[in-house]
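Here's the letter readout for the chains.
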Amino acid sequence: MSGINKRRALPSAVDVVVVGAGFAGLSAAQRLMSMGRSVLVLEGRDRVGGRSLTGEVAGIPVDFGATWVAKRHTAIRDLARRMGCTITAQYKDGRNVLWKEGRRHTYKGTIPVLSPIALVDMIRMQSALNRLVATIDVDAPWVSPQAEKLDSISFAEWLDLKRAHRATRSLMVIVSKVQWGCLPGDVSLLHVLRYIKAAGGIDHMLDVENGQQEERIVETTQEIAKRIAAKLGDRLHLNRPVQRIAQNGHGVRVSTASGEIRADYAIVTVPPAMRAEIEFEPALPQQAEGMTKTWRMGELSKAFVAYDRPFWRADGLSGEALTDTGAVFITFDVSPSPSGPGILMTFCDPRAFDGFGPQERRSRVIEKVIDLFGPLAANPIDYVDHCWGQEPFSPGGPNPAVGPFATTSFGRA
């Protein structure tokens, strides 16, 4: 964002102040501008994009944060097109790898099934989930049939009640880590069901082909945000955390450490948990205050390992892998071409990753990649990682890990 002067003076008054320069804030500002309104966007950190962030490994831009787009993600696809960004398919050819209980297996398809018993149980549990998902009101899950009952237990407790097979449980642990950045015991069953329905179903949520992981942005997801920001120009101010928002019959006053702005309206796009950092006058309604305390973000980190070529493809492997031990729990091939470099994107469990220094984190990732893809994985040409739990203003990710009772108690906010 070198084109944005971070030290210029704030205007004294605008029509609308937008708090936060993630995709919601940037899109709101762009739409208001198209309507002829004067807008000011205030972002607390030194960049735009929220939970999208571009890194680099072996000279290739990679997504530290938000990565994939599906066919049904029409809004972001249209936005990418309008910003001149291109979409490419997620590599999926070949067999996937599973590391389970100290042994390596390969499999085809989305879900690894190692025995007839595991297959029967997986079908049984998926059917049970689908029956419940069909009852959920996506826009108002708290009014769904049995909402209070479904919200009173965690996803893990439901798996216990259904006596899920250990293979099913292992897969659901990985699903929970990837989707909500938490273990199944930390997220409400009602929230899980609502999320699955919003995502288009459990199959769509997990699949690469015709699923949620089908495609990604060549230039990286954050590049879309950067290009919107460039169009906003001096309407965007970085390094300006909002401290206070006061509202009366004449509009709002938005205060930062470097000044106060008067506006007719303020749009606050930061995650619920981060709203606790802003003083509101009058105070937010009780339900909105409750959301700031209960709708916490999950925790997830990423690492990328680069090689001179995607050597696993010669062995008939897709680069997609699941594992039940260590810092890494899922991998994908995000290599730019068959000729190289070969790049594996790994999702990392913060509990076994974030608390260590850069060298130890690197060792833990490469050790697991060797288990999954063999001795050639021991010689990377580059490595980079990002611990989202250490990010200011948007710690954690990728999505809220909403625990039991939170949706029925505070979801209306």
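Residues numbered from 1 in each chain as written. Predicted model: local features only at pLDDT ≥ 70, side-chain atom pairs only at ≥ 80, totals over all residues. Heavy atoms only, no water.

Undergrad: Quick question: what am I supposed to make of the sheet that holds strand β16 (residues 317–323) here?
TA: By definition, the strands of a sheet pair up through backbone hydrogen bonds, in either a parallel or an antiparallel sense. Ordered in space as β8-β7-β16-β17-β18-β15-β19, the seven strands form an open sheet in which the pairing is mixed. Each of the sheet's edge strands pairs with one partner strand only, and the pair in question is β8 (103–107) and β19 (382–387). The average undirected angle you get between the axes of adjacent strands in this sheet is 20°. Alignment of strand β7 (residues 95–100) against β16, held across four bridges, turns out to be parallel. Looking at β16, one finds that Arg95 is bridged to Leu317. Strands β7, β8, β15 (301–307), β16, β17 (328–333), β18 (342–348) and β19 of the sheet are contacted by helix α11 (residues 358–373), whose axis makes an angle of about 115° with β16. (Pairing = 2+ DSSP bridges. Helix = DSSP H or I, 4+ residues; strand = E, 2+ residues; numbered from the N terminus. Axes fitted to C-alpha atoms, helices over the stretch in contact; angles between N-to-C directions. Contact = heavy atoms within 4.5 Å.)

Undergrad: When you look at the confidence of the model for the protein in this model, what are you seeing that I'm missing?
TA: Counting all residues, the mean pLDDT for the protein is 94, and 98% of those residues have values of 70 or more. Confidence over residues 1–6 falls short of pLDDT 50; this stretch has 13 contacts with residues more than four positions distant or in other chains. (pLDDT = per-residue confidence, 0-100.)

Undergrad: How do you make sense of the nonpolar core when you look at a structure like this?
TA: In summary, soluble globular proteins display a tendency toward joint burial of nonpolar side chains. Judged by nonpolar contacts, the single largest core of 54 residues is most densely connected at Phe155, Trp158, Leu189, Leu193, Met205, Phe304 and Phe347. Broken down by element, the residue count for this core peaks at seven residues, all from helix α7 (residues 189–199). Leave out the neighbours within four places in its chain, and Met205 touches Val175, Gln179, Tyr195, Ile196, Ala199, Gln212 and Gln213. (Core = buried A, V, L, I, M, F, W, Y, C linked by side-chain atoms within 4.5 Å. Buried < 20%, exposed > 50% of the residue type's maximum accessible area, 1.4 Å probe, protein only.)

Undergrad: Quick question: what am I supposed to make of the packing of helix α1 (residues 23–34) against helix α2 (residues 74–82) here?
TA: For any two helices packed against each other, one specifies the inter-axial angle together with the distance between the axes. Packing of α1 against α2 leaves a shortest axis separation of 13 Å and a crossing angle of 65°. Between α1 and α2 lies a crossing of left-handed hand. Facing Phe23, Ser27 and Gln30 of α1, the residues of α2 in contact are Ile76, Leu79 and Arg82. Of the residues contributing to the contact of α1 with α2, the split by class is three nonpolar, two polar and one charged. (Left-handed = near helix turned anticlockwise from the far one by under 90°. Nonpolar A, V, L, I, M, F, W, Y, C, P; charged D, E, K, R; others polar.)

Undergrad: For this particular structure, what's the right way to read the pairing of β7?
TA: For a regular strand, the rule is simple: side chains alternate between the two faces of the sheet. Counting buried positions along β7 yields five of six residues, so the element is predominantly enclosed. Linking β7 to β8, which pair antiparallel, is a turn of two residues; within it Glu101 sits at a positive phi near 50°.

Undergrad: How should the side chain of Lys177 be read in this particular structure?
TA: By the secondary structure assignment, Lys177 is in helix α6 (residues 166–180). If sequence neighbours within four positions are ignored, Lys177 has contacts with Cys182, Leu183, Leu300, Phe329, Asp349 and Arg351.

Undergrad: Sorry, what's going on with α1 here?
TA: An α-helix turns once per 3.6 residues; consequently, residues spaced three or four apart project the same way. Over its 12 residues, α1 runs 16 Å from end to end, which matches the ideal 16 Å to within 8%, given 1.5 Å per residue. Listing the buried residues of α1 in full gives Gly25, Leu26, Ala28, Ala29 and Leu32. Viewed along the axis of α1, the buried residues span an arc of 160°, placing them on a single side of the element. Opposite its buried face, α1 presents the exposed residues Arg31 and Ser34, each directed more than 90 degrees away. (Expected span 1.5 Å × (residues − 1). Arc of directions from axis to C-beta.)

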